[in-house]
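A closer look at the structure
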Amino acid sequence: MEELYCIGCGAKIQSRDKEAPGYTPQSSIEKSQETGELYCQRCFRLRHYNEIVDVAITDDDFLKLLHEVGDSQALVVNVVDIFDFNGSVIPGLSRFVAGNDVLLVGNKKDILPKSVKDGKVTQWLTERAHEEGLRPVDVLLTSAQNGQAIKELIARIEELRAGRDVYVVGVTNVGKSTLINAIIKEITGNQEIITTSRFPGTTLDKIEIPLDDGSYIFDTPGIIHRHQMAHYLSAKDLKYVSPKKEIKPKTYQLNPSQTLFLGGLGRFDFLQGDKQGFTAYFDNNLKLHRTKLEGADDFYLKHAGSLLTPPSAKEVANFPKLVRHEFTIMGKTDVVFSGLGWVRVNGSARVAAWAPEGVGVMVRKAII
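These remarks concern the structure in this document. (Residues numbered from 1 in each chain as written. Predicted model: local features only at pLDDT ≥ 70, side-chain atom pairs only at ≥ 80, totals over all residues. Heavy atoms only, no water.)

1. A closer look at the overall build of the chain
Check the secondary structure of the chain and you find 8 helices and 16 strands. Taken over 368 residues, the chain has a buried fraction of 52%. Looking at the chain alone, contacts between residues at least 24 apart form 71% of all its contacts between residues at least 6 apart. Within the structure as shown, the chain displays about 17600 Å² of accessible surface, and the carbon and sulfur contribution to it stands at 48%. Distance between charge centroids for the chain: 9 Å, based on 45 positive and 46 negative side chains. (Helix = DSSP H or I, 4+ residues; strand = E, 2+ residues; numbered from the N terminus. Buried < 20%, exposed > 50% of the residue type's maximum accessible area, 1.4 Å probe, protein only. Contact = heavy atoms within 4.5 Å. Areas by Shrake-Rupley, 256 points an atom, 1.4 Å probe, with all protein chains shown as cover. Lys, Arg positive; Asp, Glu negative; His and termini not counted. Charge placed at Lys NZ, Arg CZ, Asp CG, Glu CD.)

As structure tokens, then:
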């Protein structure tokens, strides 16, 4: 029997195990012979009902694919989330890509306020990449969702690949498959060939996209990054960590010993310093709540899941505890909650940032 593959996620089609990748009812397989389009049940549900179905993919599978990238002569396009660089870094990628050229693509540029200059973001991404041991040959900013800079990206890929294959790599939830779809749409006019969603782990096996000269673009599965905020949220709450619209900053005048709750997902404490404005950059729908530092712990225990959401009341019991990170700030600095957003501190201050256990908090020179 001819082997069939899902055109959405690349998984091998099978009709035996509902829990395994590529499951499709036999009736759908037979029907596809008429339509010419065959999606696994998981991709079909995702495309038509926005419903995710979990399947088991091992870390070993991901490592095998990364080794395959390293063993090839190819251009590596590493897609990262501008909004969550720390949560979208592939650990050890510099070792896996070996001597291959890396083009770093910062996706979701449309989420940043328009006041942010591209040059500043590009420089910041380059510096962060160097800290991770990556030496990209170029850094480009795009928005896969809005089709921004897709033509420029295609031209740069064509120039840099010099006839070689292209591997597109990235962790889950950075918009990698959406970016591939935008490239396909630009080149061929076909829309949404590859299944996309804001759920981690949509692409199950690498998808081969043929190029005119006999080379391929390979779309690889999203590598699961355990420190992404997205992994701790329910499907309906993912919107808070995957904003779709430009962020509208909110400034709060805080006195020392005041706290700002970021829904129930995080917390920012102003410990010491002169009264000043702190600017919050988070999804526009995330409710922020100002209160006194004294009693903030009890306030969280009492209101998490009700006044402070997400997480919802049903999810509070299984949500990781918030862990405290303290910083002494000397100038304009962003305190970044990985995968959620950041608070800009304008003057000297001592602050504490709380994030779910396992989710990173860092400081950087203010990018705005």
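2. Details of the packing of aromatic side chains
This structure, assessed with the given rule, holds 10 aromatic pairs. One aromatic cluster is present, built from ring pairs that chain together Phe83, Tyr281 and Trp342. Over the aromatic face of Trp124 sits the side chain of Arg364, whose NZ or CZ is 4.7 Å from the ring centroid. (Phe/Tyr/Trp six-rings, centres within 6.5 Å; stacked < 30°, edge-to-face > 60°. Lys NZ or Arg CZ within 6 Å of the ring centre and 35° of its normal.)

3. Focus: the environment of Cys6
Within the secondary structure, Cys6 is located in the segment before helix 1 (26–35). Counting along the chain gives 37 residues from Cys6 to Cys43, while the straight-line C-alpha distance between them is 8.2 Å. The residues contacting Cys6, other than those within four sequence positions of it, are Ala11, Ile13, Leu38, Tyr39, Cys40 and Cys43.

4. Examining the pairing of strand 15 (residues 349–356)
Burial runs high along strand 15: 7 of the 8 residues are buried. Relative to strand 15, strand 9 (residues 266–272) runs antiparallel, the two being bridged by 5 bridges. In the strand pairing of strand 15, Arg267 is matched with Trp354. In this sheet, strand 15 lies alongside strand 12 (residues 322–329) in antiparallel orientation, the contact comprising 8 bridges. Of the residues in strand 15, the one forming a bridge with Ile329 is Ala349. (Pairing = 2+ DSSP bridges.)

5. Focus: helix 7 (residues 176–188)
In this model helix 7 runs 18 Å from its N-terminal to its C-terminal C-alpha over 13 residues, within 8% of the 18 Å that 1.5 Å per residue would give. Of the residues making up helix 7, those classed as buried are Lys176, Ser177, Leu179, Ile180, Asn181, Ala182, Ile183 and Ile184. Considering only its buried residues, helix 7 is in contact with strand 1 (74–81), strand 2 (102–107), helix 6 (150–161), strand 4 (165–169), strand 5 (207–210) and strand 6 (216–219). (Expected span 1.5 Å × (residues − 1).)

6. Description of the environment of Val89
Within the secondary structure layout, Val89 lies in the loop between strand 1 and helix 4 (93–96). Given a relative accessible area of 11%, Val89 falls into the buried group.

7. Side note on unusual backbone geometry
Backbone torsion omega between Thr309 and Pro310 reads -10°, so that peptide bond is classified as cis. With respect to the element layout, Pro310 can be found in the loop between helix 8 (296–303) and strand 12. Cis geometry is found at the peptide bond from Pro310 to Pro311, where omega equals 5°. Among the structural elements, Pro311 can be located in the loop between helix 8 and strand 12.

8. Some thoughts on the sheet that holds strand 11 (residues 288–292)
With antiparallel pairing, 5 strands are arranged side by side in an open sheet as 11-8-9-15-12. A strand with exactly one partner marks an edge of an open sheet, and here the two such strands are strand 11 and strand 12. Going across the sheet, the axis of each strand differs from the next one's by a mean of 20°, ignoring polarity. In terms of strand pairing, strand 8 (residues 258–262) meets strand 11 through 5 bridges, oriented antiparallel. Bridge pairing in strand 11 places Leu262 opposite Leu288. Contacts from helix 8 reach strand 8, strand 9, strand 11, strand 12 and strand 15, with the element oriented near 25° to strand 8. (Axes fitted to C-alpha atoms, helices over the stretch in contact; angles between N-to-C directions.)

9. Structural notes on the nonpolar core
If you look at the biggest cluster of nonpolar residues, it comprises 58 residues, and the most contacted ones within it are Val77, Leu103, Leu125, Leu153 and Ile157. Shared between two domains, this core takes at least three residues from each, and those domains are domain 2 (59–225) and domain 3 (235–365). With residues near it in sequence (within four places) discarded, Leu125 still touches Val80, Ile82, Phe85, Leu104, Gly106, Val139 and Leu141. Judged by nonpolar contacts, the second largest core, of 42 residues, contains Leu286, Leu308, Ala353 and Trp354. (Core = buried A, V, L, I, M, F, W, Y, C linked by side-chain atoms within 4.5 Å. Domains from an automatic or database assignment.)

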